[in-house]
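An overview of the molecular structure
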Amino acid sequence: MEYVLIFISAIFVNNIVLSQFLGICPFLGVSKKVDTALGMGGAVAFVLTLATIVTWLVQKFLLDPFGLQYLQTLAFILVIASLVQMVEIILKKVSPSLYQALGIFLPLITTNCAVLGVAILVIQKDYNLLQSVVYAFSTAIGFALALAVFAGLREQLSLVKVPKGMSGIAIVMVTAGLLSLAFMGFSGVDGGLKKLFGIE
């Protein structure tokens, strides 16, 4: 049941973009079309989950035993950069159209604070490897969900007449704020589930 709580909490209650405000750059940059947003969500999901596994292993078997915790951020960034490079090479071979659509935002996964943030959060929360994987994967699903919903809203906005003073980035920011408020409606769900199943 603990894993279900982690899963629900990471997707809805503590959504990485809409509640913790990490990963805003790709959220605003790659959300003009739903298919591009889903592609970016998939790429981030793969990198996020894999990076969390590798960084957790690096932390527990390299940094902690040798007292090198101060190198955590540097080591994690190197791992994430390597994984993004690998994803970029694979996408270029497997799906050139998606590679072109993602453009500059694919290398930006390297500096996406959501990926680094999750890698650090699982260490701070003292999760074991399985909990870390569940948290990372569900966070990635939450990221992809927020990105896809926002892209759908932006596609819909392109079909309606927006007042001149609100066009462009203004309406995008208002829409993002309203979406964030909508996700705030899930706050307290994890606490309710904990009480329901008697989990401390």
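Residues numbered from 1 in each chain as written. Predicted model: local features only at pLDDT ≥ 70, side-chain atom pairs only at ≥ 80, totals over all residues. Heavy atoms only, no water.

1. A few points about the overall build of the protein chain
Heads up, the rule is: The helix and strand labels rest on DSSP assignments: H or I over at least four residues marks a helix, E over at least two residues marks a strand, and numbering proceeds from the N terminus. For this measure, only C-alpha atoms enter the radius of gyration; the expected value for a globule follows 2.2 Å times N^0.38, where N is the number of residues. Note on exposure labels: buried denotes an accessible area under 20% of the residue type's maximum, exposed denotes more than 50%, and partly exposed covers the range between, all computed with a 1.4 Å probe on protein chains only. Contacts are assigned to residue pairs that have any heavy atoms within 4.5 Å of one another. Note on charges: Lys and Arg go in the positive column, Asp and Glu in the negative column, and His and the chain ends are not counted at all. Working definition for charges: the position is that of NZ of Lys, CZ of Arg, CG of Asp or CD of Glu.
Secondary structure assignment for the protein chain yields nine helices and zero strands. Across the protein chain, helices and strands are ordered from the amino to the carboxyl terminus as α-α-α-α-α-α-α-α-α. Taken over the C-alpha trace, the protein chain has a radius of gyration of 18 Å; the compact-globule value for 200 residues is 16 Å, and the two agree within 12%. Over its C-alpha atoms, taken along the principal directions, the protein chain stretches across nearly 60 × 45 × 30 Å. Burial statistics for the protein chain: of 200 residues in total, 42% are counted as buried. Look at the contacts in the protein chain between residues 6 or more apart in sequence, and 77% of them connect residues 24 or more apart. Separation of charge centres in the protein chain, based on 11 positive and 8 negative side chains, amounts to 14 Å.

2. Things to note about unusual backbone geometry
The phi dihedral of phenylalanine 21 is positive, around 55°, even though this residue is not glycine. Inspection of the secondary structure puts phenylalanine 21 in the loop between α1 (2–13) and α2 (24–29). Overall, the relative accessible area of 52% leaves phenylalanine 21 in the exposed class.

3. What to know about the nonpolar core
Defined as follows: To qualify as a nonpolar core, a set must consist of buried Ala, Val, Leu, Ile, Met, Phe, Trp, Tyr and Cys residues joined through side-chain atoms within 4.5 Å.
Residues Phe27, Phe76, Leu106, Ile109 and Tyr135 are the most contacted members of the largest nonpolar core, which totals 53 residues. It is helix α3 (residues 34–63) that contributes the most residues to this core, 11 residues altogether.

4. Remarks on the packing of aromatic side chains
In plain terms, the rule: Between rings of Phe, Tyr and Trp, where Trp is taken as its six-membered ring, a pair exists when centres lie within 6.5 Å; planes separated by under 30 degrees are stacked, by over 60 edge-to-face, and by other angles tilted.
Throughout the structure, instances matching the rule amount to five aromatic pairs. Aromatic pair tryptophan 56 and phenylalanine 61: ring centres 6.5 Å apart, planes at 75°, arrangement edge-to-face. Overall, tryptophan 56 belongs to the buried group, its relative accessible area being 11%. Taken together, a centroid distance of 5.7 Å and an interplanar angle of 65° make the contact between phenylalanine 183 and phenylalanine 186 edge-to-face. When its relative accessible area of 8% is taken as the criterion, phenylalanine 183 is described as buried. Members of the aromatic cluster, each reached through a chain of ring pairs, are Phe12, Phe183 and Phe186.

5. Topic: the environment of phenylalanine 150
Mapped onto the elements of the fold, phenylalanine 150 is located in helix α7 (residues 129–157). You can call phenylalanine 150 buried: its relative accessible area is 0%. Sequence separation between phenylalanine 150 and serine 31 is 119 residues, and the spatial gap between their C-alpha atoms is 6.4 Å. Contacts of phenylalanine 150, omitting those with residues within four sequence positions, involve Phe27, Leu28, Ser31, Val172, Thr175, Ala176 and Leu179.

6. Looking at the pattern of salt bridges
A pair can form between side chains of opposite charge whenever their charged atoms are brought close. In plain terms, the rule: For this document, the term salt bridge refers to a Lys or Arg side-chain nitrogen within 4 Å of an Asp or Glu carboxyl oxygen.
Inspection of the entire model under this criterion finds one salt bridge. Between lysine 60 and aspartate 126 there is a salt bridge, with its nearest N and O atoms 3.8 Å apart. On the criterion of sequence distance, the pair formed by lysine 60 in helix α3 and aspartate 126 in the loop between α6 (113–124) and α7 is long-range, its members being 66 residues apart. Residue classification places lysine 60 among the partly exposed positions, given a relative accessible area of 25%. Judged by its relative accessible area of 57%, aspartate 126 is exposed.

7. Some remarks on the confidence of the model for the protein chain
Put simply, the rule is: Predictor confidence is given residue by residue as pLDDT, running from a minimum of 0 to a maximum of 100.
For the protein chain, mean pLDDT is 87; residues scoring 70 or higher make up 96% of the total. Here helix α9 (residues 189–197) is the element of the protein chain with the lowest mean pLDDT, 72, and α7 is the one with the highest, 93.

8. Regarding the environment of glycine 42
Relative to the elements of secondary structure, glycine 42 occurs in helix α3. For the pair glycine 42 and methionine 86, spaced 44 residues apart in the sequence, the C-alpha separation amounts to 14 Å.

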